[in-house]
Amino acid sequence: MRFEIMRLDDADGTAVDSTVVDAASVNRIVQQAAAVGQRIYIRPADTAAR
């Protein structure tokens, strides 16, 4: 399964950029974001767009 991870702006919460990763990468990205206090939003990737 693939997930879209969006980095959110600290001031207003809008998406600054996004990337699509496999399920195995999600934990590593969450840990990195938590370590620096970065806000992220994770949702299943749209598989129809591939």
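Below is a summary of the structure that appears in this document. (Residues numbered from 1 in each chain as written. Predicted model: local features only at pLDDT ≥ 70, side-chain atom pairs only at ≥ 80, totals over all residues. Heavy atoms only, no water.)

**What to know about the pairing of strand β1 (residues 2-8)**
Selection rule: The rule is simple: take the accessible area with a 1.4 Å probe, protein chains only, and divide by the maximum for that residue type; under 20% is buried, over 50% is exposed, in between is partly exposed. Think of it this way: any DSSP run of H or I at least four residues long counts as a helix, any run of E at least two long counts as a strand, and we number them from the N terminus. The rule for pairing is simple: two strands pair if DSSP sees at least two bridges between them.
Along β1, five of the seven residues are buried, which leaves the element largely enclosed by surrounding structure. Examined bridge by bridge, β1 and strand β2 (residues 15-22) share seven bridges and lie antiparallel to one another. Paired with Arg 2 across the bridge in β2 is Asp 22. Between β1 and the antiparallel strand that follows it, β2, lie six residues; Gly 13 among them carries a positive phi value of about 80°. In the sheet, β1 pairs with strand β3 (residues 40-44) via five bridges, with the strands oriented antiparallel. Bridge pairing in β3 places Arg 7 opposite Ile 40.

**Notes on the sheet that holds β2**
What counts here: Axes here refer to lines fitted to C-alpha atoms; in helices the fit is confined to the stretch in contact. Angles between the N-to-C directions go from 0 to 180 degrees. Whether two residues are in contact is decided by their heavy atoms: any pair within 4.5 Å suffices.
Pairing in this open sheet of three strands is antiparallel, and the strands run β2-β1-β3 from one edge to the other. Each edge of the open sheet carries a strand with a single partner, namely β2 and β3. With strand direction ignored, the average angle separating the axes of adjacent strands in the sheet is 20°. Contacting β1, β2 and β3, helix α1 (residues 23-36) crosses the sheet at an angle of about 140° to β2.

**What to know about the side chain of Ser 25**
Quick reminder of the rule: Side-chain atoms alone can form a polar contact between residues adjacent in sequence; in general such a contact is a pair of N or O atoms within 3.5 Å, and within protein one must be able to donate a hydrogen while the other accepts it.
Relative to the helices and strands, Ser 25 is located in helix α1. A polar atom in the side chain of Ser 25 sits 2.6 Å from the side chain of Asp 22.

Function cannot be read off these values alone, since they describe shape.
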